[in-house]
Amino acid sequence: MLPMTQDDGDLDSLVRKRIRALRVAQGWSLEELARRARLSQSTLSRIENGRRRLALDSLVTLARALDTTLDQLVETGSDDVVVSPMIDAAHGLMRWPVRADPGMTVVRQRMTEPPPDNPAKMRAHPGHEWLVVLSGTAILMLGHRRFRVEANQAAEFPTMLPHAIGAEGGPCEILGIFDRDARRGHQRTGGERETGRPRD
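Residue indices follow the written sequence of each chain, beginning from 1 at its first position. Local features are withheld for residues below a pLDDT of 70 in this predicted model, meaning they are given only at 70 or higher, and side-chain atom pairs are given and counted only at 80 or more; totals for whole chains, interfaces and linings count all residues. Based on all heavy atoms of the structure, the side-chain values leave hydrogens and waters out of the count.

So, on to the sheet that holds strand β4 (residues 128–135). If DSSP finds at least two bridges between two strands, the strands pair. In this description a helix means any DSSP run of H or I spanning at least four residues, a strand means any run of E spanning at least two, and both kinds are numbered starting from the N terminus. Judged by pairing direction, the sheet is antiparallel, and its six strands sit side by side in the order β1-β2-β3-β9-β4-β7 without closing on themselves. Strands with a single pairing partner mark the edges of an open sheet, and in this sheet they are β1 (86–88) and β7 (154–158). Between one strand axis and the next, the sheet turns by 20° as a mean value, whatever way the strands run. Sheet analysis places strand β2 (residues 93–97) next to strand β3 (residues 105–111), joined by five bridges and oriented antiparallel. When the bridges of β3 are listed, P97 appears paired with T105. Angular values range over 0 to 180 degrees, each being the angle between N-to-C directions of two axes fitted as lines to C-alpha atoms, with helices fitted over their stretch in contact.

Structure representation (structure tokens):
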């Protein structure tokens, strides 16, 4: 059994609510989750309703059936919910690491230059990027295609396609999300001026 103390009551309740919420989000009945977790329906019902102690082996089985991990099932809220950005004034960008996925980074950047005319200056590397234009208009060059991305519009693309981004008709601000490979690709190329994207 999990060593639950009186002080752990909130965690105990949170875990039970989380199990039920994940089950409901999947659209599963008690019977369906019990079948997937190889538990009896009555056992699962007692777990969700707090009438049965939380056993470690049951939690591991339930986490697997719910397509999550034991750590995520029992994690508690963090006190440092609000995070300040790291500011790179020289390149006009702010950067936030994503704690839930240490390989992912969120970057905000103000751009004033258009993307390069020369396709040779476009970059390609492993990874995936997602960006949203916060203000102004951005031009995304993707291979031989040209996309106009206006304020509040978003773009998502694999970075193995040669790409570059810049501003059109004045400054624009973008918020970009880089996965681990995309971030490493920008670190290696270091082509901020040529791609209009930050050197992460």
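Here the narrative resumes, following the displayed structure.
Take the nonpolar core next. We call a set of buried Ala, Val, Leu, Ile, Met, Phe, Trp, Tyr and Cys residues a nonpolar core when their side-chain atoms join them within 4.5 Å. Burial classes: relative accessible area under 20% of the type maximum marks a residue as buried, over 50% as exposed, and values in between as partly exposed (1.4 Å probe, protein chains only). One finds V15, I19, L33, L44, L59, L62 and L73 to be the most contacted residues of the largest nonpolar core, which totals 15 residues. Those elements giving two or more residues to this core turn out to be α1 (9–25), α2 (30–37), α3 (41–49) and α4 (56–65). Per-element tally for this core: the top contributor is α4, with four residues.

With their axes 9 Å apart at the nearest point, α2 and α3 run at an angle of 110° to one another. Relative to α3, α2 is oriented roughly perpendicular. In contact with L30, E31, L33 and A34 of α2, α3 contributes Q41, L44, S45 and E48. Ten residues, namely Ala, Val, Leu, Ile, Met, Phe, Trp, Tyr, Cys and Pro, are considered nonpolar, four, namely Asp, Glu, Lys and Arg, are considered charged, and the remaining ones, Gly among them, are considered polar. Here the residues of the contact of α2 with α3 sort into four nonpolar, two polar and two charged. Should an angle fall under 35 degrees it is taken as roughly parallel, and over 145 as roughly antiparallel, whereas 65 to 115 is taken as roughly perpendicular and any remaining angle as oblique. Note on definitions: a residue-residue contact is assigned when non-hydrogen atoms from the two residues lie within 4.5 Å.

The residue R38 is not glycine, and still its phi comes out positive at about 55°. You can see R38 is positioned in the loop between α2 and α3. Of note in this structure, D67 is not a glycine but carries a positive phi near 60°. With respect to the helices and strands, the residue D67 is situated in the loop between α4 and α5 (70–74).

The buried fraction of strand β5 (residues 137–142) is high, at six of six residues. Burial along β5 is two-sided: the face carrying T137, I139 and M141 and the face carrying A138, L140 and L142 are both buried. Pairing of β5 with strand β6 (residues 145–150), which is carried by six bridges, proceeds in the antiparallel orientation. Residue pairing in the sheet places M141 in a bridge with R146 of β6. Hairpin connection of β5 to β6: two residues between the antiparallel strands, including G143 at a positive phi of 65°.

Bringing the confidence of the model for the chain into the picture now. Per-residue pLDDT for the chain averages 80, and the proportion of residues at 70 or more is 80%. Looking over the chain, one finds the lowest element-wise mean pLDDT in helix α7 (residues 192–195), namely 35, and the highest in β5, namely 94. Throughout residues 1–7 the model reports pLDDT below 50, and contacts reaching past four residues in sequence, or to other chains, amount to 10 contacts. The model gives residues 190–200 a pLDDT under 50, and that stretch makes 44 contacts with residues more than four places away or in other chains. As a per-residue quantity, pLDDT reports the predictor's confidence and falls between 0 and 100.

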